[in-house]
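Structure at a glance
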Amino acid sequence: MIRILHTADWHLGQTFFGYDRTGEHEVFLNWLAEEIRQKEIDALIIAGDVFDVSNPSAASQSMYYQFIYRVTVENPNLQIVIVAGNHDSAARLEAPLPLLQAMRTEVRGVVRKLEGGEIDYDHLIVELKNRKGEVELLCMAVPFLRQGDYPVVQTEGNLYAEGVRELYSQLLQRLWKQRTANQSILAIGHLQATGSEIAEKDYSERTVIGGLECVSPEAFSEQIAYTALGHIHKAQRVSGRENVRYAGSPIPMSFAEKHYHHGVVMVTFDGGCAVDIERLECPKLIPLVSVPNGEPALPEVVLEALKELPDTEETAPYLEVKVLLEEPEPMLRQEIEEALADKNYRLARIVSTYRTDVENKEKENENWKRGLQEMSPLQIAQSAFEKIYQVEMPAELTGLFQEAYLAATHKEEEEEE
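All residue numbers refer to position in the chain's written sequence, counted from 1. Restriction of local features to residues with pLDDT of at least 70 applies here, the model being predicted, together with a cutoff of 80 or more for giving and counting side-chain atom pairs; totals for whole chains, interfaces and linings are based on all residues. To get the side-chain values, all heavy atoms of the structure are used, and hydrogens and water are removed first.

**Let's talk about the overall build of the protein chain**
A count of helices and strands for the protein chain gives 11 helices and 19 strands. A simple rule labels every residue: compare its accessible area, found with a 1.4 Å probe on the protein chains alone, to the largest value its type can have, and call it buried under 20%, exposed over 50%, or partly exposed in between. For the protein chain, buried positions account for 49% of its 417 residues. In this analysis, two residues are considered to be in contact whenever any of their non-hydrogen atoms come within 4.5 Å of each other. Partitioning the intrachain contacts of the protein chain with sequence separation of at least 6 by distance along the chain shows that 70% fall at a separation of at least 24. With residues, only the protein chains shown are counted as cover, and all accessible areas are computed by Shrake-Rupley using a 1.4 Å probe. Surface accessibility of the protein chain: about 20,700 Å² in total, with carbon and sulfur atoms responsible for 48%. Helical segments are the DSSP runs of H or I of at least four residues, strand segments are the runs of E of at least two, and each set is numbered from the N terminus.

Written out as structure tokens, the structure is:
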């Protein structure tokens with residue numbers, strides 16, 4: 001038997017609208033260290049985005065290395081596998097690998113190539129041992145894949161998605177040949193799986209991956225006992241599959257994530273299967289509060305609501321204020337700060353929405369719905385893509401859609417004949 005903790009998206013070094021989050025990350029890491037010790041964890045899996053930026057501060061790196069040192073000293077059998085996310089510098093994360101390996105820590109940031117240009121698949125395979133010293137878990141440690149990191153495949157579909165799928169397929173073939181009956185296979189990935197749920201009206205996750213780089217959950221075969229994913233901040237199962245999961249971020253990264261249940265996933269493997277999967281919820285240090293909780297309100301309504309906020313003697317929550325305006329009000333921030341003068345809140349941001357913008361948006365949505373009948377399928381697809389991702393549909397995706405539409409049209413014509 002072997003037990004792992006699956007976590008991801010720490011974003012060490014993140015500032016929240018100007019507020020330093022070191023204290024929150026320290027609370028999480030202390031909690032995580034205790035969970036590892038108390039639950040007798042055999043392996044810790046970090047599925048990318050260890051840091052918030054590719055060039056993290058010295059303080060953020062110190063926190064990271066101190067944690068690794070602490071948990072490997074406190075738990076002599078603990079193994080750690082870390083893959084780079086899109087926020088991490090792949091080379092920087094992997095650079096101290098020789099030192100980290102002395103602490104039973106494996107890092108995979110760069111997809112290495114052999115002399116002939118082929119992918120070094122063996123470098124992406126990590127063996128994890130149980131308490132008896134036997135290899136019981138074969139791990140596909142795949143970092144965030146950029147162009148050139150995955151195999152080039154001949155396909156009429158999505159080149160990125162098919163390339164990623166082929167990489168996992170090649171790894172699985174190698175592991176399936178070498179595994180024994182009692183060994184389980186674990187896949188790690190930092191990507192956006194098709195059908196995963198992201199924060200509503202919050203594009204922090206979308207803008208990095210975009211519409212072209214969604215990977216089907218079918219890339220993860222049923223032969224894989226558990227798939228540990230990172231990138232999406234909401235903990236969730238993918239396409240209803242109990243053993244394909246996002247751990248989610250340990251703390252909320254935006255106000256859109258304030259209702260998330262942040263935590264890690266504990267998985268127990270035995271006899272080649274994931275026999276138990278359990279969510280462990282992280283402690284909440286600083287609450288996120290929005291006033292009003294729903295849609296923006298007029299200034300007088302908002303100011304009155306701020307004055308009625310309950311006192312918080314202990315931890316000061318982060319506060320988001322959403323105001324509906326008729327016209328610019330230069331004194332608005334001062335009035336809000338005065339309303340909060342005797343309140344223990346951290347004013348993170350003021351979101352000003354103008355009534356004309358709301359009315360125009362509603363009118364735009366109505367016109368868009370009405371105009372569907374006059375739009376071509378490609379125009380509908382382009383319009384929907386832009387509404388969701390806030391960017392124009394890439395030329396490659398446009399071409400793929402046109403090809404698929406033409407193929408479907410020709411097929412219908414042939415069936416009619």
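**Side note on the packing of helix H7 (residues 299–307) against helix H8 (residues 332–339)**
Axes here refer to lines fitted to C-alpha atoms; in helices the fit is confined to the stretch in contact. Angles between the N-to-C directions go from 0 to 180 degrees. Two elements in contact, H7 and H8, have axes whose closest approach is 8 Å; the angle formed by their N-to-C orientations is 25 degrees. Taken together, H7 and H8 sit at an angle that is classed as roughly parallel. Like other packed secondary-structure pairs, H7 and H8 cross with a definite hand, here right-handed. In contact with Leu-303, Leu-306 and Lys-307 of H7, H8 contributes Glu-335, Ile-336 and Ala-339. With respect to orientation, any angle under 35 degrees is reported as roughly parallel, any angle over 145 as roughly antiparallel, any angle of 65 to 115 as roughly perpendicular, and every other angle as oblique. Crossing handedness follows the turn of the near helix against the far one: under a right angle anticlockwise gives a left-handed crossing, and clockwise gives a right-handed one.

**Some thoughts on the pattern of salt bridges**
Proximity of charged atoms lets side chains of opposite charge pair with each other. Salt bridge, as used here, is a side-chain nitrogen of Lys or Arg placed within 4 Å of a carboxyl oxygen of Asp or Glu. This structure, assessed with the given rule, holds 16 salt bridges. The partner of Arg-37 in a salt bridge is Glu-34, with the nearest N and O atoms 2.6 Å apart. Of the two residues, Arg-37 and Glu-34 are both situated in helix H1 (residues 22–38); the distance of 3 residues between them amounts to about one turn of the helix. Of the residues examined, Arg-37 reaches a relative accessible area of 41% and is grouped as partly exposed. On the basis of relative accessibility, which here comes to 26%, the residue Glu-34 falls in the partly exposed class. Ionic pairing is found between Arg-112 and Glu-94, a salt bridge with its closest N-O pair at 2.8 Å.

**A word on the side chain of Asn-130**
Mapped onto the fold, Asn-130 is located in the loop between strand E7 (125–129) and strand E8 (135–141). Relative accessible area serves as the criterion here: at 9%, Asn-130 is assigned to the buried category. Those residues within four positions of Asn-130 in sequence are excluded, and the remaining contacts are Met-1, Ile-2 and Glu-136.

**Things to note about empty space enclosed by the protein**
In the cavity and pocket records, a cavity denotes points on a 1 Å grid over the protein atoms alone where a 1.4 Å probe fits but cannot get out, a pocket denotes an open set with protein on both sides within 12 Å along at least 5 of 7 lines, and lining residues are residues with an atom within 4 Å of a point. Grid points are joined across faces, edges and corners, and a volume is the space filled by probe spheres set on the points. Applying the stated criterion across every chain yields a total of 2 cavities of 30 Å³ or more. Quantified by volume, the largest cavity comes out at close to 60 Å³. Forming the walls of the largest cavity are Phe-51, Val-53, Ser-54, Pro-56, Gln-61, Tyr-65, Asp-88, Ser-89, Arg-92 and Leu-93. Where the lining of the largest cavity is concerned, the elements lending two or more residues are helix H2 (58–74) and helix H3 (90–94). Reported here for the second largest cavity is a volume of approximately 40 Å³. In terms of lining residues, the second largest cavity is bounded by Glu-24, Val-27, Phe-28, Ile-251, Pro-283 and Leu-285. Residues of the lining of the second largest cavity, tallied by class, amount to 5 nonpolar, no polar and 1 charged. Gly counts as polar in this scheme, as do all residues outside two lists: the nonpolar Ala, Val, Leu, Ile, Met, Phe, Trp, Tyr, Cys and Pro, and the charged Asp, Glu, Lys and Arg.

**Points about the packing of aromatic side chains**
When two rings of Phe, Tyr or Trp (its six-membered ring) have centres within 6.5 Å they constitute a pair, described as stacked for plane angles under 30 degrees, edge-to-face for angles over 60, and tilted for the intermediate range. As enumerated under the stated definition, the model contains 12 aromatic pairs in all. Look at Phe-16 and Tyr-318: their rings are 4.8 Å apart centre to centre, the planes differ by 50 degrees, and that puts the pair in the tilted class. With Phe-16 in strand E2 (residues 15–16) and Tyr-318 in strand E18 (residues 318–325), this pair connects stretches of sequence that are 302 residues apart. Each member of the pair, Phe-16 together with Tyr-318, is buried. An aromatic cluster of at least three residues, connected via ring pairs, comprises Phe-16, Phe-17, Tyr-19, Phe-255 and Tyr-318. Lysine NZ or arginine CZ positioned within 6 Å of the ring centre and within 35 degrees of the ring normal marks a charge as sitting over the ring. Taking the ring centre of Trp-176 as reference, the NZ or CZ of Arg-179 above it sits at 4.5 Å. Lying over the aromatic face of Tyr-318, Arg-346 brings its terminal NZ or CZ to 5.4 Å of the ring centre.

**Overview of the sheet that holds E8**
Here, a strand pair is defined by DSSP locating no fewer than two bridges between the strands. Taken in spatial order, the 6 strands of this open sheet run E7-E8-E9-E12-E14-E13, and their pairing is mixed. Strands at the two margins of the open sheet, each flanked by one partner only, are E7 and strand E13 (236–238). Between one strand and the next, the sheet's axes are offset by a mean angle of 30 degrees, whatever the strand orientation. In this sheet, strand E9 (residues 184–190) lies alongside E8 in parallel orientation, the contact comprising 5 bridges. Note that in E9 the partner of Cys-139 across the bridge is Leu-186.

In short, geometric facts, not functional conclusions.
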